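Spelled out from the first residue to the last, the chains are:
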Amino acid sequence: MKVSEKYSENVSWKDISIGGNIQGGGTSKEFNTGEWRVNTPKFIAEKCKQCLLCVPVCPDSSIPVVDKERLDFDFEHCKGCGICAAVCPCDAIEMIKGE
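Conventions we followed
Residues numbered from 1 in each chain as written. Predicted model: local features only at pLDDT ≥ 70, side-chain atom pairs only at ≥ 80, totals over all residues. Heavy atoms only, no water. Phe/Tyr/Trp six-rings, centres within 6.5 Å; stacked < 30°, edge-to-face > 60°. Buried < 20%, exposed > 50% of the residue type's maximum accessible area, 1.4 Å probe, protein only. Lys NZ or Arg CZ within 6 Å of the ring centre and 35° of its normal. Helix = DSSP H or I, 4+ residues; strand = E, 2+ residues; numbered from the N terminus. Polar contact = N/O pair within 3.5 Å; in protein donor to acceptor, adjacent residues only side chain to side chain. Core = buried A, V, L, I, M, F, W, Y, C linked by side-chain atoms within 4.5 Å. Contact = heavy atoms within 4.5 Å. Patch = residues over 30% accessible without salt bridge, like charges linked within 9 Å, V, L, I, M, F, W, Y side chains within 5 Å. Areas by Shrake-Rupley, 256 points an atom, 1.4 Å probe, with all protein chains shown as cover. Salt bridge = Lys/Arg side-chain N within 4 Å of Asp/Glu carboxyl O.

Quick look at the packing of aromatic side chains
Now for step 1: In total, this model carries one aromatic pair according to the counting rule given.
Now for step 2: Seen in terms of ring centroids, phenylalanine 73 and phenylalanine 75 are 5.8 Å apart; in terms of plane orientation they differ by 45°. Their pairing is tilted.
Now for step 3: Judged by its relative accessible area of 29%, phenylalanine 75 falls in the partly exposed class.
Now for step 4: Between the NZ or CZ atom of arginine 70 and the centre of the ring of phenylalanine 43, over which it lies, the distance is 3.9 Å.
Now for step 5: Cation over ring: arginine 70 sits above phenylalanine 73, and NZ or CZ is 4.6 Å from the ring centre.

Some remarks on the side chain of threonine 40
Now for step 1: Examined against the element boundaries, threonine 40 turns out to sit in strand β1 (residues 39-43).
Now for step 2: Of the polar contacts made by the side chain of threonine 40, one reaches the side chain of arginine 37; its length is 3.2 Å.

Digging into unusual backbone geometry
Excluding glycine, a negative phi dihedral is what most residues carry, and trans is how most peptide bonds are arranged.
Now for step 1: Positive phi, close to 55°, is recorded for aspartate 67, a residue that is not glycine.
Now for step 2: Relative to the helices and strands, aspartate 67 is located in the loop between β2 (65-66) and β3 (69-70).
Now for step 3: Judged by relative accessible area, aspartate 67 falls into the exposed class, the value being 74%.
Now for step 4: Phi is positive for aspartate 91, close to 55°, though the residue is something other than glycine.

Overview of the environment of proline 56
Now for step 1: Tracing the backbone through its elements, the reader meets proline 56 in helix α2 (residues 54-57).
Now for step 2: The exposed category is assigned to proline 56, whose relative accessible area is 67%.
Now for step 3: A C-alpha to C-alpha distance of 9.0 Å links proline 56 and cysteine 84, two positions 28 residues apart in sequence.

Some thoughts on the nonpolar core
Now for step 1: If you look at the biggest cluster of nonpolar residues, it comprises eleven residues: Phe43, Cys48, Cys54, Cys58, Ile63, Phe73, Cys84, Ala85, Cys88, Ala92 and Ile93.
Now for step 2: Non-local contacts of cysteine 48, meaning those with residues more than four positions away in its chain, are made with Phe43, Arg70 and Ala92.

Overview of a nonpolar patch on the surface
Now for step 1: A contiguous nonpolar patch, built from Leu53, Val57, Ile83 and Val87 and spanning about 270 Å² of accessible area, is present on the exposed surface.
Now for step 2: Mapped onto the secondary structure, leucine 53 falls in the loop between β1 and α2.
Now for step 3: Leucine 53 sits in the partly exposed class, given a relative accessible area of 44%.

Considering the environment of lysine 47
Now for step 1: Tracing the backbone through its elements, the reader meets lysine 47 in the loop between β1 and α2.
Now for step 2: Counting along the chain gives 45 residues from lysine 47 to alanine 92, while the straight-line C-alpha distance between them is 5.0 Å.
Now for step 3: In this structure, lysine 47 is in contact with Cys90, Asp91 and Ala92, ignoring residues within four places of it in sequence.

Below you can see the structure in the form of structure tokens.
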């Protein structure tokens, strides 16, 4: 039987293999995706009021927090999306193009 015959609009969902299964968790730390970055966030510690509004919006969890204080970025995983800079009320994050 051809694949096109096995999987067509006439096949019941019960007859196809399960998709979207995650075989193992916790592997994202193994992939250094920061090299994809086009723009780089610059943390300006003097301006930071430690409101931590940037932390939950980071899609890559690239803003480490230790003892309720944010640290500089995890550049191995930061993709430079700029969401953190957009939400920072203190202008403590500046996006730099091409770094």
